[in-house]
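Fold and contact review
Okay, here's what each chain looks like letter by letter:
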Amino acid sequence: MSFEIRKIGVVGAGQMGCGIAQVSAAAGFEVLLNDISAERIEAGIARIGANLGRQVDRGGMTDGEREATLARIKPALGFSALANADLAMEAASENEEVKRAIFNDLCAHLKPEAIVATNTSSISITRLGSATDRPGRFIGIHFMNPVPRMQLVELIRGIATEDDTFAAAKVFIEKLHKTVTVSEDFPAFIVNRILLPMINEAIYTLYEGVGSVDAIDTAMRLGANHPMGPLQLADFIGLDTCLSVMQVLHEGLADSKYRPCPLLVKYVEAGWLGRKTQRGFYDYRSGAPIPTR
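Residues numbered from 1 in each chain as written. Predicted model: local features only at pLDDT ≥ 70, side-chain atom pairs only at ≥ 80, totals over all residues. Heavy atoms only, no water.

1. Points about unusual backbone geometry
A cis amide bond, omega 0 degrees, links Asn145 with the succeeding residue Pro146. Mapped onto the fold, Pro146 is located in the loop between β6 (138–143) and β7 (152–157). Despite not being glycine, Phe189 has its phi angle at roughly 60 degrees, a positive value. Along the chain, the position of Phe189 falls in the loop between β8 (179–183) and α7 (191–207). Not every positive phi belongs to a glycine, and Asn225 is a case in point at roughly 60 degrees. As for its position among the elements, Asn225 is in the loop between α8 (213–223) and α9 (230–237). (Helix = DSSP H or I, 4+ residues; strand = E, 2+ residues; numbered from the N terminus.)

Take a look at the structure:
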């Protein structure tokens, strides 16, 4: 008999973790939201409440559905609070050491049959799975940002991932009314393998003086019909995340075409990480985005 996922533990109450918790709860799953402090968890639940409120305003759900969804999300301080989770989903920052440390601590508290998943956008699933006590019950479930709006989820098996784990994860994603695409376990998988080098190339185009921030973004919006320009998208993703994905591609595939643009490195060193720090390729401090170059 195949394993059924009913209760979800989400590790990380940031943008991605909150999005995963929100769509899981909206689909009827019980969700345990974990982070390193009660304040972060409370802030995450408040963010989910605000997002659901906007959905009610747009007519996407009723007030009753919003309340029922929020009621299914419980704060879970400490990994021991995730002991009953069928699926423990890690959504921490895109840093392999951080993720490995989480799995090292987390697995001891989970029931033996629980599936452990990572929302990594680029790091080897096989390598992360080897940091757990259950590589066969480990899988990559990569949601896109923002989770409630984006239709796609990449499902990535590590070399040790069992068929039962893959099947249970696939059913879970389908219950969220999202579309599964299956990727092999290569650096950055499918979406970011294609998307991030495009963003990196846009940054090189800026770095080499081919066009300004505004010229590049306007060109790709109106010339390639992209919903937002690549530099605007980089700010939305976070320039630190863009850099870490390019570093994974460059190190993992050893091809110079994946070399992170020096200008991207400089912005990250300056702490200009995009929207989350109010400055990146645009300055957001005045409310209206102003190009920084």
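Having seen the structure, we can now continue with the description.
2. Here's the deal with α7
Here α7 is 17 residues long and its end C-alpha atoms lie 24 Å apart, about the 24 Å a rise of 1.5 Å per residue gives. Along α7, the positions that sit buried rather than exposed are Asn192, Leu196, Pro197, Ile199, Asn200, Ala202, Ile203, Tyr204 and Leu206. Next to the buried residues of α7 lie β6, α8, α9, α10 (239–253) and α11 (262–269). Downstream of α7 by a residue or two, Gly209 has a phi angle that is positive, lying close to 75 degrees. (Expected span 1.5 Å × (residues − 1). Buried < 20%, exposed > 50% of the residue type's maximum accessible area, 1.4 Å probe, protein only. Contact = heavy atoms within 4.5 Å.)

3. Focus: the sheet that holds strand β5 (residues 115–118)
One open sheet accounts for eight strands, arranged β3-β2-β1-β4-β5-β6-β7-β8; its pairing is mixed. Bordering the open sheet on either side are β3 (73–75) and β8, each of which pairs with just one other strand. Put simply, the sheet's adjacent strands are angled 25 degrees from each other on average, direction ignored. Looking at chain direction, strand β4 (residues 87–90) and β5 are connected through four bridges and run parallel. Bridged to Leu87 within β5 is Ile115. (Pairing = 2+ DSSP bridges. Axes fitted to C-alpha atoms, helices over the stretch in contact; angles between N-to-C directions.)

4. Some details on the UniProt feature "binding site: NAD(+)" (unreviewed entry) in the protein chain
UniProt's feature table lists "binding site: NAD(+)" (unreviewed entry) at Gly12, Ala13, Gly14, Gln15, Met16, Gly17, Asp35, Glu94, Lys99, Ser121, Asn145 and Lys276, given in the numbering used throughout. None of the other annotated residues line the second largest pocket; only Glu94 do. With respect to the secondary-structure elements, Gly14 resides in the loop between β1 (7–11) and α1 (15–26). The class for Gly14 is partly exposed, based on a relative accessible area of 32%. (UniProt positions renumbered as here; feature names shortened; annotations may be inferred. 1 Å grid on protein atoms, 1.4 Å probe; cavity = no way out; pocket = protein on both sides within 12 Å on 5 of 7 lines; lining within 4 Å.)

5. Topic: the UniProt feature "site: Important for catalytic activity" (unreviewed entry) in the protein chain
Following the UniProt record, the feature "site: Important for catalytic activity" (unreviewed entry) maps to His142 here. Aside from chain neighbours lying at most four places away, what touches His142 is Thr118, Asn119, Thr120, Ser121, Leu152, Val153, Glu154, Ile156, Phe189 and Asn192.

6. Description of the domain arrangement of the protein chain
Each assigned domain of the protein chain is listed here: domain 1 (7–184) and domain 2 (192–291). Between domain 1 and domain 2, the C-alpha centre-to-centre distance is 27 Å. For the pair domain 1 and domain 2, the two sides together bury roughly 530 Å², of which 55% comes from carbon and sulfur. Of all residues in domain 1, the largest losses of buried area upon contact with domain 2 belong to Glu94, Ser121 and Ser122, amounting jointly to 57% of the total for that side. Remark: the boundary between domain 1 and domain 2 carries one residue pair in polar contact (both at pLDDT 80 or more). Residue composition of the side of domain 1 that touches domain 2, grouped by class: two nonpolar, five polar and one charged. (Domains from an automatic or database assignment. Buried area = accessible area lost by both parts, 1.4 Å probe. Polar contact = N/O pair within 3.5 Å; in protein donor to acceptor, adjacent residues only side chain to side chain. Nonpolar A, V, L, I, M, F, W, Y, C, P; charged D, E, K, R; others polar.)

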